[in-house]
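Listed below are the residues making up each chain.
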Amino acid sequence: MNPQSKKPNPQLIWHPYTPAKDELISISKGKGAYLYSDDGTRYIDAGSSWWTNIHGHSHPYIAEKIFEQAKKLEHVIFAGFTHHPAEKLAVKILAKIPFHQKVFYSDNGSTAVEVAVKMSLQYWWNKGETRKKVIAFKDAYHGDTFGAMSVSARGVFTEPYQHLLFDVEFIDTPTPGNEQKTIGQLNSLLKMHSAEIAAFIFEPLILGSAGMLMYDEKTLDELISICKANNIITIADEVMTGFGRTGKFLAVDYCDNKPDIICLSKGITGGFLPFAATTCTKEIFDAFDSSDRAKMLFHGHSYTANPIGCAAAIASFEVFETDNSLEKIARINARHLAFVEKIKLHASIKDIRCRGSVLAIEIKTSEQSGYLNKIRDVAYQYFLHRKIIMRPLGNVVYVLPPYCISAHDLEEIYNAISGLLDLVLTIDNSVSS
Ligand SMILES: *Cc1c(COP(=O)(O)O)cnc(C)c1O
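Computed from a predicted structure; not experimentally measured.

## As for the overall build of the protein
Regarding its fold elements, the protein presents 12 helices and 18 strands. A compact globule built from 433 residues would reach a C-alpha radius of gyration of about 22 Å, and the protein, at 22 Å, matches this within 12%. Overall, the C-alpha framework of the protein stretches about 65 × 55 × 45 Å when taken along its three principal axes. Counting across all 433 residues of the protein, residues that qualify as buried make up 52%. In the protein, the share of contacts with a sequence separation of at least 24, taken over all contacts with a separation of at least 6, comes to 70%. Accessible area for the protein stands at about 19500 Å²; split by element, carbon and sulfur atoms hold 55% of it.

Laid out in structure tokens, this is it:
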């Protein structure tokens with residue numbers, strides 16, 4: 001690798017989730033599933049640039065639509081004003097979520113969650129009920145702002161702020177074998193406290209940051225149904241799972257019971273611009289539909305419904321349809337499953353999980369599983385050497401590619417995974433000592 005494109009962490013910028021001593025790779029170009037560093041080295045973007053990219057980098061159609069919109073109207077306050085891109089996008093979003101009636105725009109996944117949590121709490125407030133508690137999965141990740149952290153797992157991400165996070169009732173994640181336990185926990189919580197509980201928030205089918213933990217749609221359907229029977233608001237955080245990741249447009253499309261609120265971000269602009277939407281039912285909105293200004297939802301960001309973001313999202317929706325994205329995802333899924341068949345008995349594998357375009361392999365190490373597992377750095381460097389960008393989640397390596405990825409590039413990633421698994425057998429003792 002040409003050292004030109006590798007730089008020591010510069011003095012000026014504080015990078016997220018990056019120790020200051022780490023070297024940085026400077027990227028200057030993206031095309032399809034590839035990213036190119038300043039010296040022209042080509043990398044496969046196996047993790048879709050933090051799960052945001054769906055159609056490939058610098059997609060020309062989306063780029064063109066952004067340019068057109070930027071020349072016409074770059075931004076306008078969204079309180080008291082509206083614009084065509086925001087309205088056109090709302091129609092497209094609600095066409096995919098016909099059981100919802102309103103779209104609230106914001107900037108990123110964490111804000112989409114903040115809005116959802118505030119909507120659910122103020123819904124009860126506006127109705128004169130004091131329901132303060134939220135239920136969440138104990139392995140959940142819903143973002144890095146305080147409300148989103150509060151409804152997320154208590155662990156390394158939240159430890160320094162733990163005493164400031166609001167109380168949440170955690171139930172077990174219904175991973176295979178734990179389904180009945182989780183359902184039992186939800187039932188008994190609602191039996192004891194249903195008059196205090198405002199909402200249940202969950203990542204549907206895949207808990208991303210927890211290490212791509214997966215659970216089945218039957219259990220999700222039942223959890224939503226239990227909440228409905230008890231008059232508890234359900235919030236599906238589809239920030240990662242939305243826009244086809246799981247094989248259907250939304251993960252909740254696998255279920256008969258539908259959530260009251262849905263959070264969308266990451267893939268919404270095809271990976272071009274920071275943007276998010278929180279959608280809700282007519283019933284939720286009606287609790288805010290009052291001439292009393294004290295009942296408004298007290299939330300709004302400077303860049304709410306940014307027209308350029310809306311234009312990117314509309315263009316990405318169009319590409320999703322014209323490109324037959326769901327077929328592409330089905331093909332990726334078939335290739336993942338063929339690889340699973342080939343590799344599943346490998347001695348380095350603790351668990352292997354696959355859903356839609358997402359494949360995750362939990363590596364068996366002598367250490368406990370988790371985000372700080374030391375095999376992480378070994379795996380990250382191993383993939384980088386093979387010109388593959390993939391940030392493992394502790395001892396979980398995964399493939400979550402742009403939908404345009406070629407069969408050849410997937411094969412290259414699978415080969416690298418196989419090689420890594422072989423390597424782990426020989427190094428695990430020295431790594432964990
Ligand atoms: C990434 C993520 C978020 C946070 O989104 P940001 O845009 O990083 O703030 C929230 N929920 C889920 C499920 C996510 O994967």
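After that view of the structure, there is still more to cover.
## A word on the nonpolar core
Within the largest apolar cluster, 91 residues are counted, with the highest numbers of intra-cluster contacts made by Leu89, Ile93, Tyr105, Phe137, Met212 and Phe383. Among the elements that take part in this core, helix 12 (residues 407-432) stands out by supplying 9 residues, more than any other. When we break this core down by domain, the ones giving at least three residues each are domain 1 (3-55 + 325-432) and domain 2 (62-322). In contact with Met212, other than residues within four places in its own chain, are Trp51, Ile206, Leu207, Met240, Arg353, Val358, Ala360, Leu393, Tyr398 and Leu400. Core analysis: the next-biggest nonpolar cluster, separate from the first, contains 28 residues, Val168, Cys263, Ala276 and Ala287 among them.

## Brief notes about the environment of Ile27
Among the structural elements, Ile27 can be located in strand 3 (residues 27-31). Put simply, Ile27 and Thr41 are 14 residues apart on the chain and 9.2 Å apart in space, counted from C-alpha to C-alpha. In contact with Ile27, not counting residues within four places along its chain, are Leu35, Tyr36, Ser37, Asp38 and Tyr43.

## Things to note about the sheet that holds strand 14 (residues 276-280)
Taken together, 7 strands build an open sheet; the order of strands is 6-14-13-12-9-7-8 and the sheet is mixed. Every interior strand has two partners, whereas the edge strands, strand 6 (102-106) and strand 8 (168-171), have only one. Strand-to-strand twist of the sheet, defined as the mean angle between neighbouring strand axes without regard to direction, takes the value 20°. Pairing geometry for strand 7 (residues 133-137) and strand 9 (residues 197-202), over 4 bridges, is parallel. Directly across from Ile135, in strand 9, lies its bridge partner Phe200. Each of strand 6, strand 13 (261-264) and strand 14 is contacted by helix 3 (residues 84-96), which is oriented at about 120° to strand 6, the strand it contacts most. The sheet contacts of helix 6 (residues 179-193) involve strand 7, strand 8 and strand 9, and relative to strand 8 the element is tilted by about 150°.

The rules behind these values
- Residues numbered from 1 in each chain as written.
- Predicted model: local features only at pLDDT ≥ 70, side-chain atom pairs only at ≥ 80, totals over all residues.
- Heavy atoms only, no water.
- Helix = DSSP H or I, 4+ residues; strand = E, 2+ residues; numbered from the N terminus.
- Rg over C-alpha atoms; globule rule 2.2 N^0.38 Å.
- Buried < 20%, exposed > 50% of the residue type's maximum accessible area, 1.4 Å probe, protein only.
- Contact = heavy atoms within 4.5 Å.
- Areas by Shrake-Rupley, 256 points an atom, 1.4 Å probe, with all protein chains shown as cover.
- Core = buried A, V, L, I, M, F, W, Y, C linked by side-chain atoms within 4.5 Å.
- Domains from an automatic or database assignment.
- Pairing = 2+ DSSP bridges.
- Axes fitted to C-alpha atoms, helices over the stretch in contact; angles between N-to-C directions.

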